[in-house]
Structure formats: C-alpha cells, structure tokens
Amino acid sequence: MMMRKRMAALQKHFNSNNNKSSAGTLFPPLSFLISYSTHSQTNYYPTKNTLNSLDLDDALNSFNRMLRTRPLPPIQRFNQLLSAIVKMKHYSVAITLFRRLHLLGITSSGLVKPDSYTLNIAINCFCHLNGVDFAFSILGKIFKLGLEPTCTTFNTLIKGLCLDGNVARAVRFFDDIVQKGFQPNLITYGTIINGLCKVGNTRAAILLLKDMERMGSCQPGVVQYSTIIDSLCKDKQVDEALKMFSNMAEKGITPNVVTYTSLIHGLCNLGQWKEATRLLSEMTTRNISLNVQTYSVLVDTLCKEGMANDAHKVLDLMIQRGVEPNTITYNALIDGYCLIGKTVNARKVLEFMEARGCEPDVFTYNIFIKGYIKSKMTDEALRLFNDMSCKGLIPNIVTYNTIIGGLCDVDNGLVPDIVIYSILVDGMCNAGKLDAAKELLLSFPKKGLQPDTRSYSTMINILCKEGKLKEANELLSKMKEHGCSPNDCTYNIIVRGFLQNNEMSEAIQLLQTMLDSGFSADASTMDLVFNLLSTDRLDPLCKEELQKFLGIT
C-alpha cells in the first residue's frame with residue numbers, strides 16, 4: 001500500500017505518456033506465422049524439469065496447446081514458458097506471444113490477464129530489441145492495470161536505457177523514481193555505475209559509489225568496485241585503481257577474478273610486470289582460479305613482447321586446466337605469430353581454433369590479412385578477404401585500409417579488376433569519400449568492367465546518403481534491366497534511404513517488392529521502423545499504412 005502511494009505521481013506521469021500512442025505500437029511486427037499444433041487439445045504445459053530442455057519449436061507447440069486448453073492454465077504457467085523463450089534470446093518471439101496473450105485477455109472477457117511478471121518480461125524483451133520507448137509504454141500499462149512496478153521493472157528499464165547508450169536519461173530516471181520513494185538495490189546501483197563507466201564518466205560512478213557508502217542502506221560490493229576498477233584501468237589510471245583495490249580490502253570486500261584480471265591487464269599495458277606478477281601470485285594464494293579473460297590478458301601481453309611461443313604455452317596450459325580459449329585468446333596468439341612473421345604457425349592456430357568449435361571473427365581475418373600483406377603475400381590476403389563474405393563476415397574500415405594499402409604496393413604486379421575496384425569503392429565509402437567513390441564507380445564501363453550487385457548496392461547507398469532518392473530508385477531499375485539481381489542488402493539500403501527521408505509510400509512499396517523477391521527487412525531497417533512509429537514524425541495516414549503493412553493493429 002505504501003509503495004502504491006509513493007508511486008502515484010509517477011503513475012500519473014507515465015499514464016499521460018502512454019495515452020499519446022496507440023496500444024498497437026507496443027508490439028513489433030509478426031516475423032512469422034505461428035502454426036497451431038495438430039496434436040490433441042488435452043491439458044498440457046511443460047513442467048519445471050522440462051522447461052530447461054525445450055527448444056523453440058517445443059516452446060511454441062506448448063504455448064499453442066496451452067491456449068487451446070480449457071480451462072486455460074494460470075498466467076504463471078504462461079510466464080514460465082515466456083521466460084524459457086527469453087533465456088533462448090528469442091526476444092521477438094516472446095513479444096509476439098505476449099501480444100497474443102494481451103489480445104486473449106481482451107477478447108475472452110479476461111479469461112487470462114498478464115500480471116506484473118508478464119509485463120516485466122515484455123519490458124525486458126523490448127529493451128533487448130532497442131525498443132526502450134515501447135518498454136516505457138508497458139510501464140504505463142502496469143499503472144493503468146492497477147499493478148505495482150517492482151525493483152525488476154525499474155532495473156530493467158534503467159538497463160535498457162544504458163544499453164541504448166542513453167545513460168544521461170537513465171540517471172535522470174533513477175533520480176526521479178528515487179525521489180518518488182523507490183528504494184534502489186545493488187542491481188540498480190550496479191547498472192547505473194556500469195553505464196557511467198561505459199561512457200567514460202568514471203568520476204560520476206565513483207561519486208555514486210560514495211553516495212551508497214554514505215547513505216548506508218545499500219552498501220557497494222565487489223561487483224560495483226570491480227566495475228570502477230576496470231574502468232580506471234582502461235583509462236590508464238592504474239594508480240587510482242590500486243587505491244580503490246586497497247579501499248576494498250579495508251572495508252572487508254573480497255576481490256574476485258574480475259577485479260584481479262582488470263588490474264593485471266592495466267598493469268601489463270603499462271609494462272609494470274613485477275606488480276602484475278605479484279597480483280597473479282596473490283590470486284593463487286587466495287585460491288582464485290584464472291578465467292578465460294585472465295589467460296587472454298597473459299597471452300596478449302606475451303605476444304606484444306614478441307614471445308608468441310611462450311604465449312602458446314599459456315594457451316596449452318589453460319586448456320589443460322579446463323579453461324576453454326575464446327576468440328579473443330586465439331586472436332591474440334594469431335596476432336603474436338603474425339607480428340614475428342610466422343604466418344604458418346598462425347594458420348595452424350586458426351585450424352586448431354576452428355577444430356575446437358571457435359569461429360573466427362572479422363578481427364581474426366584482419367590480423368591474417370595484415371600479416372600476409374606485411375609478408376608480401378597479397379594473393380593470400382585477397383583470398384582471405386573473399387572468404388569473409390562466404391562466412392557471412394562484414395569487412396570493416398581496418399580490412400579495407402589494409403587491403404588497399406597492400407594493393408597500392410607498386411611491386412605486387414597486380415592488374416586491377418572488378419574485385420579490386422569494388423574494394424576501393426567500399427573503402428572510400430567507409431572513409432567518407434563519397435564523391436570520389438561515386439566518380440570511380442561511374443567510371444567502371446569506361447574500364448570495360450560490369451558492376452556487380454555489391455557495386456550497385458554501394459552506389460545506391462551513396463545516392464541515399466546524399467538524399468538523391470529518385471536517382472537511387474532509377475539505378476535499382478537499371479540494375480535489374482542489366483541482369484544484375486538486387487539482394488537483401490540492396491533492398492534494405494534503399495528502403496532505409498526512403499524511410500529516413502520520410503518517403504513512406506515509396507518505402508512501403510519497396511518493402512513489398514523486397515518481400516515478393518524473397519527477402520526480409522534486416523535489424524537496422526526494423527529498428528528504424530520502430531523508431532519512426534514511436535515518434536510524431538509520421539502523418540496519421542502514413543503511420544496507419546505502415547502499421548497495416550507490418551501487421552500491427
């Protein structure tokens with residue numbers, strides 16, 4: 001009762017905001033149609049023991065069976081199933097099922113009504129899908145239904161704002177709810193401290209830590225201290241981090257492997273090997289086992305000192321001790337071998353890495369490409385560059401700069417072809433040299449080269465960024481006329497271009513064409529659609545048309 005009174009002002013605030021948008025905008029589009037199970041309509045829902053072993057198909061079948069069961073299972077059973085789906089990180093699916101529960105509660109005279117736990121699940125999903133504004137609309141629904149937000153509700157919203165990079169808004173929201181009677185817990189403080197550190201505002205994080213200590217109601221623990229120590233070390237303020245480490249000991253807070261790893265990493269980066277070794281010994285004395293991050297720091301440090309063979313011994317040791325190396329560990333060792341010109345050894349590490357089920361990433365390829373370019377093995381570097389696309393990896397600016405640098409070597413004897421020119425165009429675009437990129441691309445026919453899908457997509461991207469949407473659309477048509485089929489990347493680029501310029505009718509037509517061609521909107525396009533629907537930038541007719549297209553009612 002006390003909490004309800006304290007939150008009255010907050011309820012009024014969020015209800016007023018919630019009334020500004022329609023209920024339909026709380027849900028993302030249906031990404032697929034969920035077919036009803038053809039199994040018997042007997043009462044069925046998974047037990048606690050079977051929930052952990054469910055895959056997505058099992059979970060969807062269970063949900064459909066539960067919906068067709070009469071009487072309906074209690075909302076708690078639905079919550080358990082939704083939680084299991086969220087643990088699989090299928091957030092969009094969970095939101096779709098939440099929507100079906102919401103509609104069922106309306107159309108079935110309240111046979112099943114979402115409770116606070118259900119709504120907290122929805123808030124969590126929206127936050128993971130970069131839909132914080134939708135998450136706040138759910139908070140308004142909590143108040144509207146006469147339910148009370150919990151610590152989990154507020155902590156999830158604060159975390160969502162931080163994940164969205166809006167730490168300043170998270171701090172304002174934190175101050176607002178505390179002023180209205182909310183009692184933050186360790187998770188609340190930890191989330192804010194982590195957010196502040198992530199944006200480089202370590203000083204503000206330290207002040208908040210001191211506020212916790214001064215107020216006394218919620219004392220900081222090892223997580224909060226370790227977060228700040230890690231941030232200080234990344235800022236190369238290792239002396240300050242060591243002072244914070246000493247403060248922990250004085251307050252009886254036992255450091256953990258994260259604390260030690262952050263300090264060891266910071267000390268190694270500054271070349272303070274003696275102090276780093278002392279901390280490693282201290283970890284052993286305290287029976288704190290090294291984790292994959294600690295080992296990765298040691299491998300990276302040895303490699304940077306030109307001691308790749310010793311680093312390899314550390315990797316072997318961690319495997320012997322049951323700690324599985326990750327991509328960061330392997331990349332550090334591969335880089336170490338490439339730095340001393342041992343690309344053959346680096347290649348063996350890559351093969352070993354893949355054999356153990358650890359997939360290389362764009363950084364792995366960048367390391368190899370740089371190593372091959374350095375060793376004048378340009379052909380091998382280009383082969384790896386092409387392999388990246390086959391593995392679904394997207395080259396970044398480092399990849400392009402390295403490749404272009406190698407190709408510009410006058411001693412390599414290469415004759416430029418469509419692949420090389422396309423690489424140059426992409427590199428220019430990533431470097432912001434749009435005019436030069438466009439000029440080079442338009443010169444392809446004079447060089448006897450036929451632009452491929454990638455080249456056309458690059459050109460369309462340039463035109464969209466310059467706001468030349470008519471030319472972009474015309475180029476899309478020419479692309480098809482010349483027998484070059486657009487792919488999902490091409491369509492998503494031009495759709496985003498029209499959406500960003502508020503050309504809704506054309507954008508919807510292009511979306512429909514994309515779907516008819518067998519492609520779907522990617523995450524960036526959907527994020528843009530969600531953001532547009534949550535603002536007042538759209539006129540009512542366009543908003544209605546876009547909602548109809550997305551299946552939002």
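Values in this document were obtained by computation on a predicted structure and should not be read as measured data.

(A) Seen up close, the side chain of Q224. Among the structural elements, Q224 can be located in helix α13 (residues 222–234). Given a relative accessible area of 4%, Q224 falls into the buried group. Apart from the residues within four sequence positions on either side, Q224 is in contact with L186, G190, I193 and L209.

(B) Here's a closer look at unusual backbone geometry. For the peptide bond that leads from R70 to P71, omega is 0°, which places it in the cis range. If you trace the backbone, P71 turns up in the loop between α4 (56–68) and α5 (75–87). Residue K89 is not a glycine yet carries a positive backbone phi of 70°. On the secondary structure map, K89 appears in the loop between α5 and α6 (91–107). Backbone geometry at N287 places phi at a positive 60°, although glycine is not the residue there. The residue N287 is located in the loop between α16 (273–285) and α17 (292–304) in this model.

(C) Region of interest: the confidence of the model for the chain. In the predicted model, the chain carries a mean pLDDT of 82, and 83% of its residues have values of at least 70. Throughout residues 1–6 the model reports pLDDT below 50, and contacts reaching past four residues in sequence, or to other chains, amount to 10 contacts.

(D) Region of interest: the environment of A507. Relative to the helices and strands, A507 resides in helix α29 (residues 504–516). Residue A507 is classed as buried on the basis of its relative accessible area, which comes to 0%. Each C-alpha atom, one on A507 and one on G497, is 8.3 Å from the other, the two residues being 10 residues apart in sequence. With residues up to four places along the chain from it excluded, the contact list for A507 reads V495, F498 and L499.

(E) Region of interest: the environment of A204. Mapped onto the secondary structure, A204 falls in helix α12 (residues 202–215). The partly exposed category is assigned to A204, whose relative accessible area is 22%. Remark: the alpha-carbon pair of A204 and I192, spanning 12 residues in sequence, is separated by 9.9 Å.

(F) Structural detail: the pattern of salt bridges. Tallied over the full model, the rule gives 14 salt bridges. Close ionic contact of E282 with R278 constitutes a salt bridge, the shortest N to O distance being 2.9 Å. Remark: R278 and E282 occur in helix α16; sequence separation between them is 4 residues, near one turn of the helix. Across the pair E380 and R383 runs a salt bridge, and its minimum N-O distance is 2.7 Å. With E380 and R383 both in helix α22 (residues 378–390), this residue pair falls 3 residues apart, about one helical turn. Judged by its relative accessible area of 23%, E380 is partly exposed. Taking the relative accessible area as the measure of exposure, R383 reaches 35% and is therefore partly exposed. Members of the salt-bridge network, linked through shared partners, are E275, R278, E282 and R286.

Criteria and thresholds
Residues numbered from 1 in each chain as written. Predicted model: local features only at pLDDT ≥ 70, side-chain atom pairs only at ≥ 80, totals over all residues. Heavy atoms only, no water. Helix = DSSP H or I, 4+ residues; strand = E, 2+ residues; numbered from the N terminus. Buried < 20%, exposed > 50% of the residue type's maximum accessible area, 1.4 Å probe, protein only. Contact = heavy atoms within 4.5 Å. pLDDT = per-residue confidence, 0-100. Salt bridge = Lys/Arg side-chain N within 4 Å of Asp/Glu carboxyl O.

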